[in-house]
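# Observations on chain architecture
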Amino acid sequence: MHAQASYLLTVVTFLPLFSVAALLVLRSDDHVWIRRIAFAASVGEFAVSLLLLRGFDSTDASYQFQEFYNWIGPSIHYHMGIDGISLFLVLLTTFLTPLAILCSWKSIQHNVKGFFISLLVIETAMIGVFVSLDLFLFFVFWEITLVPMYFLIGIWGHERRIYAAVKFILYTMFGSILMLVAILWLYHLTGTFDLPVIENILANSAPLSPTVELVLFGAFFLAFAIKVPLFPLHTWLPDAHTDAPTAGSVILAGVMLKLGTYGMLRFCLPLFPAAAHKLAPMIGVLAIIGIVYGALVATVQHDLKRLVAYTSVSHLGFVVLGIFAFNAVAMQGAIYQMLNHGVSTGALFIVVGMLYDRRHTHEISEFGGLATPMPVLMALFIFIALSSLALPPLNGFIGEFLILIGTFATHHAWASWAASGAVLSAIYLLWAYQRVALGEVTVEKNRALPDASGRERFILGTLAVVILFMGIASPYFTRPMEPAADALLQQMNNQLQRPQNAMRRGVPVKIGPHAVVLPAALAERQARP
């Protein structure tokens, strides 16, 4: 525990929510100050979150900045902490939120207060998911993320916004119900919602039967696979992206999809290692199908925003593949690719949003030759597209390369098929850019379109700098991830090598209605008032 920053995670998590109070006291028609306060709050949140880097020990695989307080009864705790897996996901959230607010500066003109309140609330909820170490607390934040996104799509979205919003909420709520049942089942078995304690109970004194472990893994995994989304559970995503406002697509692609892959790393692998290994071949195949299928479908899209949406299906397939390759290098690549995808795909959606603000269409046929009237915007567009298709030395190359190297060490065929996704990504992104930017201006009204404004250049320039920095200075990001990834794989291997009925020496304690045997240190912790 880092005593000098014992409340830092609470501050980082709830600062955006406290900023909502400042927006609530403003008049609804005071759009100027609503935007200013929302942006200032999000920038301040990002600055505060950077303090996590200063106090984070990159050699320590355990949870850091922990906060542990009794909350509801003896079993539900306010328990927060981060490790190398969640650290940069928190920073990704606080980095993208001010950019999402800034890209909505002029495009959102009705119910402005509600829009920016929704963005700040969803920022708190997403950070809460990444830092929660109590399953009840995690589930609360997980559910809160759904409500603002539902309103962002349903109120400020495009033509089919109601259909897209309802489809989004139905898919994700179905996964949430499965996960809630699994959480309650785990509580019945262990008497606690505390994640580290549950991990130790399952590893040391009360191993699950193969059938129960398989069922619980399936419930958690389906909830996370819907959120990713993994093929064939992806059909809600293109509709949600196509009809969401630009900021909604940035947050959805940049952070919310990572809640699913993060959940696989945080819950599915350490709690249910045997089931994870047993189902890994099937999951690997689904991930590869998603990589290839998403790329092929993106290639034939005539709607530019829908094309970018399908790239997420393909790129997140790489992440899932890296996770279930059970290789340290591939797992680090998967975590890093989560960050890369958030930055690059978020930037692509911002570019698409800027084009929509000018032409009010996503149809590729309505563009063409835009490099002539908009050379700066199109130059930034191709730079971001090259990042997304994993061109060295940009950020996307590092993540995909690590995933393919690690996967090849354990599954040659998986890596070979997945590599085709990198080739296909070059096809659909470069072809899309060619149709949008190159050649003669095909629609006369496009000749008078304004180039990127100062605000737009700042947004895309900032993202371009981060893309280049993440590609060149990747060790700054991967080094803190390495201990946590290695410890996770070691924990899984230790449980798999343990005889089914083995029970290490420990201390019998009462946790809720159940008597279990815990290691002495954990027993002492449970005995704390």
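All of these numbers come straight from a predicted model, not from anything done at the bench.

In the structure shown here, the tally under the stated rule is 7 salt bridges. Note that Glu-366 is salt-bridged to Arg-359, the shortest N-O span being 3.0 Å. Note that Arg-447 and Glu-444 form a salt bridge whose closest N and O atoms lie 3.0 Å from each other. Relative accessible area serves as the criterion here: at 45%, Arg-447 is assigned to the partly exposed category.

Here strand β1 (residues 64-72) pairs with strand β2 (residues 76-82) via 6 bridges, running antiparallel. Its bridge partner being in β2, Phe-68 is matched across the sheet by His-79. Connecting β1 to the antiparallel partner β2 that follows it, the hairpin turn spans 3 residues, and Gly-73 within it adopts a positive phi of roughly 65 degrees.

If you look at the biggest cluster of nonpolar residues, it comprises 180 residues, and the most contacted ones within it are Phe-220, Leu-269, Phe-324, Met-378 and Leu-463. Sorting elements by how many residues they give to this core places helix α11 (residues 246-271) first, with 16 residues. Residues lining this core come from more than one domain, with at least three contributed by each of domain 1 (1-271) and domain 2 (277-488). Discounting chain neighbours no more than four positions away, the residues touching Met-378 are Leu-355, Leu-370, Ala-371, Tyr-433, Val-436 and Ala-437.

Structurally, Thr-311 is set in helix α13 (residues 304-323). Among residues more than four places away in sequence, those in contact with Thr-311 are Ala-298, Thr-345 and Tyr-428.

Moving on: the packing of helix α4 (residues 87-103) against helix α5 (residues 112-131). In a packed pair of helices, the relevant descriptors are the angle between the two axes and the axis-to-axis distance. The N-to-C vectors of α4 and α5 enclose an angle of 170 degrees; their axes lie 9 Å apart at closest approach. When the interaxial angle is binned, α4 and α5 end up roughly antiparallel. When α4 is examined against α5, the residues Leu-89, Val-90, Thr-93, Thr-94, Thr-97 and Ile-101 are found in contact with a partner set consisting of Phe-116, Leu-119, Leu-120, Glu-123, Met-126, Ile-127, Phe-130 and Val-131. For the contact of α4 with α5, the residue count by class is 10 nonpolar, 3 polar and 1 charged.

Looking now at the packing of aromatic side chains. Tallied over the full model, the rule gives 30 aromatic pairs. The interplanar angle of 65 degrees and the centroid separation of 5.5 Å between the aromatic rings of Tyr-150 and Phe-151 together place this pair among those described as edge-to-face. A centroid spacing of 6.0 Å and a plane angle of 20 degrees characterise the contact between Phe-224 and Phe-267, whose relative ring orientation is stacked. Linking Phe-224 in helix α9 (residues 210-227) with Phe-267 in helix α11, this pair joins segments that are 43 residues apart in sequence. As far as burial versus exposure is concerned, Phe-224 and Phe-267 are alike and both buried.

As a further point, take the pairing of β2. Judged by how many residues are buried, β2 sits mostly within the fold: 7 of 7 residues are covered. Here β2 shows a buried face lined by Ile-76, Tyr-78, Met-80 and Ile-82 and a second buried face lined by His-77, His-79 and Gly-81.

Here we come to α11. Spanning 26 residues, α11 covers 37 Å between terminal C-alpha atoms, matching the ideal 38 Å at 1.5 Å per step. When you tally the buried positions in α11, you get 26 out of 26 residues, the bulk of the element.

Bringing unusual backbone geometry into the picture now. The omega torsion of the bond from Phe-231 to Pro-232 falls at 5 degrees, within 30 degrees of zero and hence cis. One can find Pro-232 in the loop between α9 and α10 (236-243). Omega for the peptide link from Pro-392 to Pro-393 comes to 5 degrees, which places this bond in the cis form.

Partitioning the protein chain into domains gives domain 1 (1-271) and domain 2 (277-488). Taking the mean C-alpha position of each, domain 1 and domain 2 sit 22 Å from one another. Between domain 1 and domain 2, the contact holds 49 residues from the first and 51 residues from the second. Three residues stand out in domain 1 for area buried against domain 2, namely Phe-88, Phe-231 and Leu-265, and they jointly supply 14% of the buried area on that side. Seen at the junction of domain 1 and domain 2, the total is 1 salt bridge. With a shortest N-O distance of 3.2 Å, Asp-239 and Arg-306 are connected by a salt bridge. For the interface between domain 1 and domain 2, the tally reads 8 residue pairs in polar contact (both at pLDDT 80 or more). Of all elements in the fold, only α4, α9, α10 and α11 reach the threshold of two or more residues within the side of domain 1 that touches domain 2. In terms of residues, the side of domain 1 that touches domain 2 owes the most to one element, α11, which gives 13 residues. Looking at side-chain class alone, the side of domain 1 that touches domain 2 contains 31 nonpolar, 12 polar and 6 charged residues.

The next point concerns the environment of Leu-9. Of note, Leu-9 is situated in helix α1 (residues 8-24). Counting along the chain gives 43 residues from Leu-9 to Leu-52, while the straight-line C-alpha distance between them is 8.4 Å. If near-sequence neighbours (up to four positions away) are discounted, Leu-9 is found in contact with Leu-52, Gln-64, Phe-65, Glu-67, Met-80, Gly-81, Ile-82 and Val-131.

Attention now moves to the side chain of Thr-299. Here Thr-299 is to be found in helix α12 (residues 273-299). Beyond its immediate chain neighbours, meaning those up to four positions away, Thr-299 contacts Ile-427, Tyr-428, Trp-431 and Arg-435.

On average, residues of the protein chain score 87 in pLDDT, and 93% of them reach the 70 mark or higher. Predicted confidence for residues 1-5 stays below pLDDT 50, and this span has 6 contacts to residues more than four positions away or in other chains. Confidence drops under a pLDDT of 50 for residues 500-517, and excluding neighbours within four residues, the segment shows 40 contacts in the predicted structure.

By the secondary structure assignment, Pro-148 is in helix α6 (residues 135-156). Along the sequence, Pro-148 and Phe-115 sit 33 residues apart, while their C-alpha atoms lie 8.9 Å from each other.

Take the packing of α4 against helix α14 (residues 328-359) next. At their nearest, the axes of α4 and α14 sit 10 Å apart, and the two run at 5 degrees to each other. The orientation of α4 with respect to α14, classified from their angle, is roughly parallel. Taking contact as the criterion, the partners of Phe-88, Leu-89, Leu-92, Leu-96 and Cys-103 in α4 are, on α14, Met-338, Leu-339, Gly-342, Val-343 and Ile-350. Of the residues that constitute the contact of α4 with α14, the class distribution is 9 nonpolar, 1 polar and no charged.

Rules and cut-offs
- Residues numbered from 1 in each chain as written.
- Predicted model: local features only at pLDDT ≥ 70, side-chain atom pairs only at ≥ 80, totals over all residues.
- Heavy atoms only, no water.
- Salt bridge = Lys/Arg side-chain N within 4 Å of Asp/Glu carboxyl O.
- Buried < 20%, exposed > 50% of the residue type's maximum accessible area, 1.4 Å probe, protein only.
- Pairing = 2+ DSSP bridges.
- Helix = DSSP H or I, 4+ residues; strand = E, 2+ residues; numbered from the N terminus.
- Core = buried A, V, L, I, M, F, W, Y, C linked by side-chain atoms within 4.5 Å.
- Domains from an automatic or database assignment.
- Contact = heavy atoms within 4.5 Å.
- Axes fitted to C-alpha atoms, helices over the stretch in contact; angles between N-to-C directions.
- Parallel < 35°, antiparallel > 145°, perpendicular 65-115°, else oblique.
- Nonpolar A, V, L, I, M, F, W, Y, C, P; charged D, E, K, R; others polar.
- Phe/Tyr/Trp six-rings, centres within 6.5 Å; stacked < 30°, edge-to-face > 60°.
- Expected span 1.5 Å × (residues − 1).
- Buried area = accessible area lost by both parts, 1.4 Å probe.
- Polar contact = N/O pair within 3.5 Å; in protein donor to acceptor, adjacent residues only side chain to side chain.
- pLDDT = per-residue confidence, 0-100.

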